[in-house]
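Coordinates in review
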Amino acid sequence: MLVSVIIPIHNMEEYLPVCLDSVVNQIYKNIEIILVDDGSTDRSVEICMEYSQRDDRIVLLQTNHQGVVAARKLGTERAKGYYCVFVDSDDWIAVDLLDTVIPLTDNGAVDIVNYNLTSVNGATSVKWNYTVSEGTYESKGLQNVFKKMMYDFEHGCPGIIQSLCTKLIKRNLLLESIHGLDNRITMGEDAAVVYIAMLKAKKIVIANSYLYFYRVRPGSMCTSCHPDFFSQIYLFQRYMEDVFSDYDKEYRLENQLQAYIFSFLKKGIQDVYSIRMKKVYRLPFCDWDTGKRVVLYGAGEVGKSYYRQLCKEPLAEIAAWVDKGKANEFIYNRRIEEPEILKDIICDKVLIAVLHENQAQEIREQLRIYCGDGEIIWKKPISYWWENEIDLSQ
């Protein structure tokens, strides 16, 4: 089964060899590699030609600079594969990507195979996850996916990763989904193709395999915004509203779109206006009485949110704020203490303020030498997408 690997390129000479090496060295060999140079002015074209001379599976297309949407369209139109995958020219893929996902297609019966990505920023990496469970979805199961694919309100993020580069898609479905996309869209262009293709698909697969590596770099769309950012978001919104109007209201697609756009706007406000916005994590006071002396454990994002709320509302007295990793730092003009201070403090409850359950369990084990298990409180922090506050702290 032939697979077309489409790589749009614009001035990526620094990163292009790593990208191309990861593609030409795929274990699965039945591929064509379509390089679409979008008017590069550096050595990108020269590098492409060097690789094409060594590998006859490579096809080089050259156009004037029109943007990534136009480049992806051209690559899709020229593709001959039964399936297509995209790779951005500053990223790379695991050598077994295609060898892993092709067997999941049920001999071509599956329309889309979704796989995971790892975001790489120097020595730091972050794994992106689907909130939709691993498995095969069709008919009623697929309809349930539609209800949270663009935004899963329970988890506060997309249920299906919006990156087009984390999808193996049937070429015919891809052509149908990308054909009408406005070339002017530069924010949300991946989502505009992915979620339309999802709605048109009859059978999809979610695979929890981390096969794509996204490079975070200065100047990328992920790390910067520009003054016409808001008009770009509006263009994307109008396009998606028009598409979603043809689908069942029970999927709440318009609501998902609003929540999805808000995450863009939050970043735009920060980048364009240098105003930081922070999530509000709701205090779990339903689990314990107010008016108690409380030790707050955790000085990260969740702990700061809890602390700000406790200072604004006299729900409980903060006996101490502790965090082993940030002891002796000053946050909001309050000193963070070592956990050992608990042996000298009288308190009613210890509130663990961390996001993940496994981390909370480790902290709970450490705290048992100072207090009883019943005095230790942790509940999965809840934040709602519409609840944010301006953060004036440094």
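Provided above is the structure to which this section pertains.
Here we summarise the structure given alongside this text. (Residues numbered from 1 in each chain as written. Predicted model: local features only at pLDDT ≥ 70, side-chain atom pairs only at ≥ 80, totals over all residues. Heavy atoms only, no water.)

Residues Tyr 273, Ile 275 and Ile 390 make up a contiguous nonpolar surface patch of about 310 Å² in total accessible area. Tracing the sequence through the fold places Ile 390 in strand β18 (residues 388–390). (Patch = residues over 30% accessible without salt bridge, like charges linked within 9 Å, V, L, I, M, F, W, Y side chains within 5 Å. Areas by Shrake-Rupley, 256 points an atom, 1.4 Å probe, with all protein chains shown as cover. Salt bridge = Lys/Arg side-chain N within 4 Å of Asp/Glu carboxyl O. Helix = DSSP H or I, 4+ residues; strand = E, 2+ residues; numbered from the N terminus.)

We now examine the environment of Gln 143. In this fold, Gln 143 is placed in helix α5 (residues 139–146). Note on Gln 143: relative accessible area 28%, which makes it partly exposed. Residues Gln 143 and Leu 355, 212 residues apart in the sequence, show an inter-C-alpha distance of 30 Å. (Buried < 20%, exposed > 50% of the residue type's maximum accessible area, 1.4 Å probe, protein only.)

For helix α8 (residues 229–244), with 16 residues, the first-to-last C-alpha span of 22 Å sits near the 22 Å given by 1.5 Å per residue. Of the positions making up α8, those classed as buried are Phe 229, Gln 232, Ile 233, Phe 236, Tyr 239, Met 240, Val 243 and Phe 244. All buried residues of α8 fall inside an arc of 130 degrees around its axis, so they share one side. Residues of α8 that are buried sit in contact with α6 (171–178), α7 (189–200) and α9 (253–273). (Expected span 1.5 Å × (residues − 1). Arc of directions from axis to C-beta. Contact = heavy atoms within 4.5 Å.)

Judged by nonpolar contacts, the single largest core of 91 residues is most densely connected at Ile 7, Leu 98, Met 149, Ile 160, Leu 168 and Phe 236. Apart from residues lying up to four places away in sequence, Met 149 is in contact with Pro 158, Gly 159, Ile 160, Tyr 195, Met 198, Leu 199, Leu 253 and Gln 256. (Core = buried A, V, L, I, M, F, W, Y, C linked by side-chain atoms within 4.5 Å.)

This part takes up the packing of α6 against α7. The packing of two helices is summarised by the inter-axis angle and the distance between the axes. In the contact formed by α6 and α7, the axes pass within 9 Å of each other and the chain directions differ by 120 degrees. Regarding the angle of α6 to α7, the classification is oblique. For α6 against α7, the interelement crossing comes out right-handed. Residues Leu 173, Leu 174, Glu 176, Ser 177 and Ile 178 of α6 touch α7, and the partners they reach there are Val 193, Ile 196, Ala 197 and Lys 200. (Axes fitted to C-alpha atoms, helices over the stretch in contact; angles between N-to-C directions. Parallel < 35°, antiparallel > 145°, perpendicular 65-115°, else oblique. Left-handed = near helix turned anticlockwise from the far one by under 90°.)

Where helix α3 (residues 68–78) meets α6, the axes come as close as 10 Å, and the angle between the chain directions of the two elements is 145 degrees. As for how α3 packs across α6, the hand of that crossing is left-handed. Residues Arg 72, Lys 73, Thr 76 and Glu 77 of α3 form the contact with α6, whose participating residues are Arg 171, Leu 174, Leu 175 and Ile 178. Considered class by class, the residues forming the contact of α3 with α6 number 3 nonpolar, 1 polar and 4 charged. (Nonpolar A, V, L, I, M, F, W, Y, C, P; charged D, E, K, R; others polar.)

Further remarks concern the state of the cysteines. Under the definition given, this model contains 0 disulfides. Here Cys 48 stays free of any disulfide, with the sulfur of Cys 19 as its closest cysteine sulfur at 9.2 Å. The class for Cys 48 is buried, based on a relative accessible area of 0%. Cys 165 forms no disulfide, and the closest cysteine sulfur to it belongs to Cys 19, at a distance of 9.1 Å. Among the residues examined, Cys 165 registers a relative accessible area of 1% and is labelled buried. (Disulfide = S-S within 2.5 Å.)

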